[in-house]
Amino acid sequence: MIASPNPASALTAAQLQTLDAVLNLIVPPSADGRMPGAAEVGVPAYLYIEAADALPVLGEELDELERRAHARYTRGYASLEQVERIALVEELRAQTPGFMNRLAMETLACYYQHDRVFEGLGMETRPPYPKGYEVVQGDLSLLDPVRARGKIYRDAP
Amino acid sequence: MTDDVDVLIIGAGASGAAFAWSMADTRMRILCLEQGDWMNPGDYPSTRRDWEVRQEREFSPNPNIRGLTQDYPINDADSPISPLNFNGVGGSTILYAAHFPRPHPSDFRVKSLDGVADDWPLDYAALEPYYAVNDREMGVAGLAGDPAYPPHQPPLPPVPLGLAGETMARGFNALGWHWWPSDTAIATRDYEGRAQCVNLGPCKSGCAQGAKASVDVTYWPVARRAGVRLRTRCRVREILVDDRDMATGVVYFDEHGIEQVQRAEVVVLACNGIGTPRLLLNSKSARFPNGLANRSGLVGKNLMIHPWGMVRGAFDAPLDSQRGPLSCCIWSQQFYETDRSRGFVRGYNMQITRGLGPVATARMGLARGDIPWGAGHHEAFARRYGRTIGIGICCEDLPEECNTVTLDPALTDSNGIPAPKITYRLGENTERMLAHGLARGAEVMKAAGAWDVYGEGPVRQTGWHLLGTARMGEDPERAVVNGWGRSHDVKNLFIIDGSVFVTSAGVNPTPTIQAVALYIADAMKQRLANLFD
């Protein structure tokens, strides 16, 4: 569904490694295994195609995470324990409103278009057209009290 | 120089198409210039898995986001509402919801009944035959007998309520409030060569099925078969006039960006409530230094946009609410007619909308904090996806001269033509109306059983309804065109789009825009021998 050109030209290998560690914080895999984590749905390729304008800022945010990880834990972000990763991201999001918001929004867009996610939600992996969907017609007898109350518009001179 | 024509229509949207269709039987030489292209339904987002993202970008209703070469930018920095449109054969009907309510008879007598704004120079009874013709040509679905309206018979059965519509209907019934299945310009059965709606959902990014009545699949094929010519990728820069104050034609840029002149006996503007004043204001001359047909000074003034409120409710039960025509389900006109005890005059329509797709659900949830990052994400998403219903609050916007379309001193389109600038604010009456609508929307959501309800308004990206900027009226000092669309200042210049609205009513305007265009076409045909007298 989405082509996957190599995103390496836009983000460094180190940034991609940090990104990979962040994605499952945004959408983790479900405990029952039904839903994948965001790190499993091709977000880097999606960003490269659909959000290229965001990559410079995203790169800076990923670098900042990496710097904080080294400063506090003396190792890279990707090497941290999950609780440590969460703590750092939450700290930065609290300090800097909007930190990684764009990444989160683009991640959700990629995630909720992916076949594995559709399957996890019990949806068919297809576009709306041409098959469409069934919708129940509904019970028009519910209109009986509306009819009974009668006309509600004003006559005009 | 190109061949002369009798009637030159500028703009191939809702009004231009209906007008062209009606005028075709005169056998005159009729040409329409459209700045956009023909649409290919196979390109519409619903044919692709990534439809939700596509509809936010190249199919965004906001021309400043869409940014196609055939679009013109709009400076909307001085407005809480962004104007929306589409430039192509079909105009904004390509992306509209096809929600198709008529106004009420009282909407044409606002001054007489409520003491505000002005009465229209025509009334509901005069337009009713044209609404009926338009319903037939567009293929309107609905249910006869709505007590909010004088009797009328939509030609097709209504769109399905779905579980979402039923749920809301029970909420309205619990409160004793009016509701009814919406009139909708969607073919609910195979109709005049168009396939039946199959509930694709994203109607507002083009209908790949062809069930939605965008005018590229309704009026235009018939009008062209009858001899009307339509030339695309032609952007009009200026309307030309002679020293007798008669329009002689237009200057436009063709698809190669080359300037052309098109001569015409009659010029008809169908460019919407922003495009039409923009073109008039760009057509300055020694005889019209303030813009063509603007001796009243009212071109570009009295802009009305319909401030829009949005209430959403989340329900426990699965409703499949993401399925079906997104913005067409049921309506309520419980608060449509004036009741001064509410603290405002006039009123609003409540338009029940269905749920959003998975991407929009997740993103909106994240933005609001309802669907978090990390732990709890999947559970929160599941509680809302397919279980959320919306109510759009369409507030009547009263005309105020401070709400304007002017020319931006710096911004231009891709041909270098000055772009429009919007200056707009909500009036006090509208503010009170919107607050009332949001509160009543929340009330009915709770009555219907929603466990979470939230609302906002005015919603910025809702400026679909562009009205009032070249109003009609019989007094040349208080109106730009007369009661049948003819410019008071230029006797062979007609305006047939939403610019001519005197007031905005509280409903989606497309049926009225088209009924007025058909009315003006008939008025012209009845006066062909002395059209310019």
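Every chain is numbered independently, its residues counted from 1 as its sequence is written. Note on labels: chains are lettered from A, ligands numbered from 1, in written order. Since the coordinates come from a predicted model, pLDDT governs what is reported: local features require at least 70, and pairs of side-chain atoms require 80 or more to be given and counted, while whole-chain, interface and lining totals use all residues. To get the side-chain values, all heavy atoms of the structure are used, and hydrogens and water are removed first.

A. Structural context of the interface of chain A and chain B. By definition in these notes, contact holds between two residues if any of their heavy atoms fall within 4.5 Å. The partner chain B presents 65 residues to the 57 residues of chain A that form the contact. Across the chain A/chain B interface, buried area totals approximately 5100 Å², and carbon plus sulfur atoms make up 64% of it. A carboxyl oxygen of Asp or Glu within 4 Å of a side-chain nitrogen of Lys or Arg is what we treat as a salt bridge. At the junction of chain A and chain B, the tally comes to 7 salt bridges. Between Arg-49 of chain B and Asp-115 of chain A there is a salt bridge, with the nearest N and O atoms lying 2.2 Å from each other. Here a polar contact means two N or O atoms within 3.5 Å. Within protein one must be a hydrogen donor candidate and the other an acceptor candidate, and residues neighboring in sequence count only if both atoms are side-chain atoms. Our count for the contact surface shared by chain A and chain B stands at 24 residue pairs in polar contact (both at pLDDT 80 or more). Only runs of H or I of at least four residues qualify as helices and only runs of E of at least two qualify as strands under DSSP, and these elements are numbered from the N terminus. Elements that contribute at least two residues to the side of chain A that touches chain B include exactly helix H1 (13-26), helix H2 (43-50), helix H4 (82-95), helix H5 (101-111), helix H6 (115-120) and helix H7 (144-149) of chain A. In terms of residue count, the dominant contributor to the side of chain A that touches chain B is H5 of chain A (6 residues). Summed over both partners, the accessible area lost on bringing two parts together, with a 1.4 Å probe, is the buried area.

B. A look at the environment of Asn-62 of chain B. Residue and element names in this part refer to chain B. By secondary structure assignment, the location of Asn-62 is in the loop between helix H2 (51-54) and helix H3 (63-66). Linking Asn-62 and Phe-172, residues 110 residues apart in sequence, is a C-alpha distance of 33 Å. If we skip the residues at most four places from it in the chain, Asn-62 touches Asp-76, Ser-82, Pro-83, Leu-84 and Gln-461. Among the polar contacts listed, one links the side chain of Asn-62 to the backbone nitrogen of Asn-64, at a separation of 2.8 Å. In terms of polar contacts, Asn-62 uses its side chain to reach the side chain of Gln-461, at 3.0 Å.

C. Looking closely at the sheet that holds strand E13 (residues 404-412) of chain B. Residue and element names in this part refer to chain B. Pairing is mixed across the open sheet formed by 3 strands, whose spatial order is E3-E14-E13. The open sheet is flanked by strand E3 (75-78) and E13, the only strands paired with a single partner. Recorded for the sheet is a direction-independent mean angle of 40 degrees between the axes of neighbouring strands. Strands were regarded as paired on the criterion that DSSP finds at least two bridges between them. Sheet topology places E3 next to strand E14 (residues 418-423); 2 bridges connect them, and they run parallel. Across the sheet, Asn-75 pairs through a bridge with Lys-421, a residue of E14. Its contacts with the sheet put helix H8 (residues 272-282) on E13 and E14, and the angle it makes with E13 is roughly 65 degrees. Convention adopted: a line fitted to C-alpha atoms gives each axis, helices being fitted over their contacting stretch, and angles between N-to-C directions are expressed from 0 to 180 degrees.

D. View of the sheet that holds strand E15 (residues 452-456) of chain B. All names here are of chain B. Reading across the sheet, the 6 strands line up as E4-E10-E11-E12-E9-E15 and stay open at both edges, with antiparallel pairing between neighbours. Looking along the sheet, the strands with just one partner apiece sit at the ends: strand E4 (180-181) and E15. Pairing between strand E10 (residues 330-332) and strand E11 (residues 348-353): 2 bridges, direction antiparallel. Along E11, the bridge assignment pairs Ser-332 with Met-350. Against the sheet, helix H6 (residues 162-175) touches E10, E11 and strand E12 (388-395), its axis set at about 20 degrees to E10.

E. Representation of the pairing of E11 of chain B in the model. Residues and elements named next belong to chain B. Counting buried residues along E11, 6 of its 6 residues qualify, which places the element largely inside the surrounding structure. Residues Tyr-348, Met-350 and Ile-352 of E11 are buried on one face, and the alternating residues Asn-349, Gln-351 and Thr-353, pointing to the opposite face, are buried as well. Pairing of E11 with E12 involves 6 bridges; the strand directions are antiparallel. Bridging from a neighbouring strand, Asn-349 pairs with Cys-394 of E12. A simple rule labels every residue: compare its accessible area, found with a 1.4 Å probe on the protein chains alone, to the largest value its type can have, and call it buried under 20%, exposed over 50%, or partly exposed in between.

F. Expanded view of the pairing of E14 of chain B. Residue and element names in this part refer to chain B. In this sheet, E14 lies alongside E13 in antiparallel orientation, the contact comprising 5 bridges. Each bridged residue has a counterpart across the sheet, and for Leu-407 the counterpart in E14 is Pro-420. In this structure, the hairpin formed by E13 and E14 is closed by a connection of 5 residues, where Gly-416 is found at a positive phi of approximately 85 degrees.

G. Summary view of helix H1 (residues 14-23) of chain B. Residues and elements named next belong to chain B. Of all the 10 residues making up H1, 10 are buried; the element is thus mostly covered by neighbouring parts of the structure. Along H1, the residues that are buried comprise Ala-14, Ser-15, Gly-16, Ala-17, Ala-18, Phe-19, Ala-20, Trp-21, Ser-22 and Met-23. Against the buried residues of H1 lie strand E1 (5-10), strand E2 (30-33), helix H5 (124-138), helix H7 (219-225), strand E8 (259-269) and helix H12 (510-526).

H. Just the side chain of Gln-333 of chain B, in detail. With respect to the helices and strands, Gln-333 of chain B occurs in the loop between E10 and E11. A polar atom in the side chain of Gln-333 of chain B sits 3.0 Å from the side chain of Tyr-149 of chain B. Among all residues touching Gln-333 of chain B, those that are not within four sequence positions of it are Ile-152 of chain A together with Pro-101, His-104, Ala-148, Tyr-149, His-178, Asn-349 and Val-507 of chain B.

I. A look at the packing of aromatic side chains. Residues and elements named next belong to chain B. Ring geometry is summarised as follows: Phe, Tyr and Trp rings, the Trp one being its six-membered ring, pair when their centres sit within 6.5 Å, and such pairs are stacked at plane angles under 30 degrees, edge-to-face over 60 and tilted between the two. Using the criterion set out here, one finds 14 aromatic pairs over all chains in the structure. With a centroid separation of 5.7 Å and an interplanar angle of 25 degrees, the aromatic rings of Phe-335 and Tyr-348 are classed as stacked. Placement of Phe-335 in the loop between E10 and E11 and of Tyr-348 in strand E11 is noted, with a sequence separation of 13 residues between them. Residue classification places Phe-335 among the buried residues on the basis of a relative accessible area of 7%. On the basis of relative accessibility, which here comes to 0%, the residue Tyr-348 falls in the buried class. Taking the centre distance of 5.2 Å and the plane angle of 20 degrees together, the rings of Phe-381 and Tyr-385 count as stacked. Of the two residues examined, Phe-381 and Tyr-385, each falls in the buried class.

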